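# Reading the structure
Each chain is listed here by its residues.
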Amino acid sequence: MERQYQICTRCIMDTTDPEIQFDENGVCSHCRKYDERAKKELHLDEAGQQKLNRIINEIKEKGKNKEYDCLMGVSGGVDSTFALFKAREFGLRPLAIHLDNGWNTELSVKNIEMLVKKLNVNLFTYVLDWEEFRDLHLSFLKSSIANSEIPTDHAITAILFRMAAEKGIQYIISGSNIVTEAIMPSSWVYDATDWKPIKNIHKTFGKIKLKSFPKLNIFELAYVIFVKRIKYISLLNYFPYNKKEAIQVLQKELGWKYYGGKHYESIYTRFLQGYILPRKYNIDKRKAHFSTLICSGQMTRKEALEEMKRDIYPPTIMQEDKGYVIKKLGLTEEEFEKIMSQPIKTFRDYPNNSFFFNKFSFLVKLAKKKATYN
Ligand SMILES: [Zn+2]
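Residues numbered from 1 in each chain as written. Predicted model: local features only at pLDDT ≥ 70, side-chain atom pairs only at ≥ 80, totals over all residues. Heavy atoms only, no water.

## Some words on the packing of aromatic side chains
The full count for this structure, using the stated rule, is 17 aromatic pairs. Aromatic pair W103 and W130: ring centres 5.8 Å apart, planes at 75°, arrangement edge-to-face. Linking W103 in the loop between β2 (94-100) and α4 (106-118) with W130 in helix α5 (residues 130-143), this pair joins segments that are 27 residues apart in sequence. By relative accessible area, W103 is classed as buried at 1%. Given a relative accessible area of 22%, W130 falls into the partly exposed group. When the ring of F271 is compared with that of F336, the centres are 5.9 Å apart and the planes differ by 40°; the resulting orientation is tilted. Taken as a pair, F271 in helix α11 (residues 267-281) and F336 in helix α15 (residues 333-341) lie far apart in primary sequence, 65 residues in all. Looking at F271, the relative accessible area reads 0%, which means it is buried. Through a chain of ring-to-ring contacts, the aromatic side chains of W103, W130, F133, W195, F213, Y268 and Y324 assemble into a single cluster. Positioned above the aromatic ring of W103 is the side chain of K328, whose terminal nitrogen or guanidinium carbon lies 5.6 Å from the ring centre. Directly above the aromatic system of W130 lies the positively charged group of K328, at a separation of 4.3 Å from the ring centroid. (Phe/Tyr/Trp six-rings, centres within 6.5 Å; stacked < 30°, edge-to-face > 60°. Helix = DSSP H or I, 4+ residues; strand = E, 2+ residues; numbered from the N terminus. Buried < 20%, exposed > 50% of the residue type's maximum accessible area, 1.4 Å probe, protein only. Lys NZ or Arg CZ within 6 Å of the ring centre and 35° of its normal.)

Here's what the structure looks like:
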């Protein structure tokens, strides 16, 4: 039976997430989870500041006499850019790492170049082999699971961990954070750390063997966490991080330019979020982004509902992007429309490690605890 439509009374998440639940006041499970995570993972009090000082000192100490004391992934977006800006303010010496998967906008490339120059940081750009990546990307589109960005997300994690291990750097500082990103239904995405579904989806739909694609299987992951003791630090959780203010600071201090939407620094990402997800999967990620901002007090519910009335994708850019994406992926219009009309699948339809992750959840928790400063 079709579930009756319901929207949260506090945020704007609704039953387009099939797993959402509501309490007697109509407040949703995402709001509850947000509060729990904020309490645990945000460190804004006195003790949190002391912890941050300890972490910064530890990174500097361990990085003495090394060229870099930490690694940082930069996408060119607000969160990772602001994290890099703050890391420099704290006196850290990061090597910035950028993944070029072929979809960057010109603006994002300019933003990154300017940013590393102004902050006096070295940049390493990892360029994916386009033919291989294109084929993998097509495999994901053909698999009909919603999150076709999993290969990109997996690659950046793999590159960061591998490089950290290679260079003997123990710290990866990330821009991922609670106050702008905490809410994202697991039915809309799947943890990109798991190599198994990527491998299997490509085995089913791919044509080219993956030779150089950066991967991290479960054993390699265990190795970098337990043997190399590499840690992830979500720096933005250690001070009051406000997105609007951050944008102003970046514009003023670094000449950074805004893209007009979350993750819009990549042409494919904005096409996925603005076209494929809403049309094929009935997923509008703005709901999750705005809901997070509501929970963190950076937006009102009324403002979010107003914003939602606006076009998710300005029609002229949409048409342009659509033609560009189809051509770059080497598809014909008909082939693309066929992909769009295929029945929706989830990662559960493909071999994955979720059984292992659930059965050995204590190990996963331990690994997460080992790998993060919370
Ligand atoms: Zn809610």
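## Observations regarding the coordination of the zinc ion
At the metal site, the zinc ion is ligated by C8 (SG), C11 (SG), C28 (SG) and C31 (SG), and these contacts range over 2.3 to 2.4 Å. Its 4 donor atoms give the zinc ion angles of 105 to 120° at the centre, a pattern that matches the tetrahedral case. Donor residues binding the zinc ion come from one chain and are separated in sequence as C-x2-C-x16-C-x2-C. Remark: C31 occurs in helix α1 (residues 29-41) and C8 occurs in the segment before α1; sequence separation between them is 23 residues. (Donors = N, O, S within 2.8 Å, 3.2 Å for Na, K, Ca; no water. Tetrahedral: all angles 85-135°; square planar, octahedral: opposite > 155°, others 65-115°.)

## Thoughts on the sheet that holds strand β1 (residues 70-73)
Ordered by their spatial adjacency, 5 strands build an open sheet running β3-β2-β1-β4-β5, and the pairing between neighbours is parallel. Two strands in the sheet have a free side with no partner beyond their single neighbour: β3 (122-127) and β5 (231-234). For this sheet, the mean angle separating the axes of adjacent strands, direction not counted, is 30°. Both β1 and β2 contribute to a ladder of 4 bridges, which runs parallel. Each bridged residue has a counterpart across the sheet, and for C70 the counterpart in β2 is P94. Lying on the sheet, helix α6 (residues 150-167) is in contact with β1, β2, β3, β4 (171-174) and β5; it crosses β2 at an angle near 145°. (Pairing = 2+ DSSP bridges. Axes fitted to C-alpha atoms, helices over the stretch in contact; angles between N-to-C directions. Contact = heavy atoms within 4.5 Å.)

## A few points about the environment of R134
Mapping R134 onto the fold places it in helix α5. For R134, a relative accessible area of 18% gives the class buried. In sequence terms R134 and K196 are 62 residues apart; their C-alpha atoms lie 19 Å from each other. Excluding residues that lie within four positions of it along the chain, R134 makes contacts with K328, L329 and G330. Within the structure, the side chain of R134 is placed 2.7 Å from the backbone oxygen of L329, a separation counted as a polar contact. (Polar contact = N/O pair within 3.5 Å; in protein donor to acceptor, adjacent residues only side chain to side chain.)

## What to know about unusual backbone geometry
Its identity as a non-glycine residue notwithstanding, N65 has a phi of 65°, on the positive side. As for its placement among the helices and strands, N65 is situated in the loop between α2 (46-63) and β1. For R229, which is not glycine, the phi dihedral falls at a positive 55°. Assignment of secondary structure puts R229 in the loop between α9 (218-227) and β5. Judged by relative accessible area, which is 49%, R229 ranks as partly exposed.

## Structural notes on α4
With 13 residues, α4 ought to run about 18 Å at 1.5 Å a step, and its terminal C-alpha atoms sit 18 Å apart, in line with that. Within the sequence span of α4, burial applies to S108, N111, I112, L115 and V116. Angular distribution of buried residues about the axis of α4 spans 115°; they occupy a single face of the element. Set apart from the buried face of α4 by more than 90 degrees, the exposed residues are E106, K110, K117 and K118. Contact partners of the buried residues in α4: α3 (78-89), β2, β3 and α10 (243-254). (Expected span 1.5 Å × (residues − 1). Arc of directions from axis to C-beta.)

## Remarks on a nonpolar patch on the surface
On the surface, a cluster of nonpolar side chains totalling about 280 Å² of accessible area is made up of Y223, F226 and V227. With respect to the helices, strands and loops of the structure, F226 is situated in helix α9. (Patch = residues over 30% accessible without salt bridge, like charges linked within 9 Å, V, L, I, M, F, W, Y side chains within 5 Å. Areas by Shrake-Rupley, 256 points an atom, 1.4 Å probe, with all protein chains shown as cover. Salt bridge = Lys/Arg side-chain N within 4 Å of Asp/Glu carboxyl O.)

## Digging into empty space enclosed by the protein
Enumeration over the complete set of coordinates arrives at 1 cavity of 30 Å³ or more. Quantified by volume, the largest cavity comes out at close to 60 Å³. Contributing to the lining of the largest cavity are F140, L141, I145, A146, S148, L272, I276, K280, Y281, I339 and M340. When residues of the lining of the largest cavity are traced back to their parent elements, those giving at least two are α5, α11 and α15. In terms of residue count, α11 provides more of the lining of the largest cavity than any other element does, 4 residues in total. Classifying every residue of the lining of the largest cavity gives 9 nonpolar, 1 polar and 1 charged. (1 Å grid on protein atoms, 1.4 Å probe; cavity = no way out; pocket = protein on both sides within 12 Å on 5 of 7 lines; lining within 4 Å. Points joined across faces, edges and corners; volume = space filled by probe spheres on them. Nonpolar A, V, L, I, M, F, W, Y, C, P; charged D, E, K, R; others polar.)

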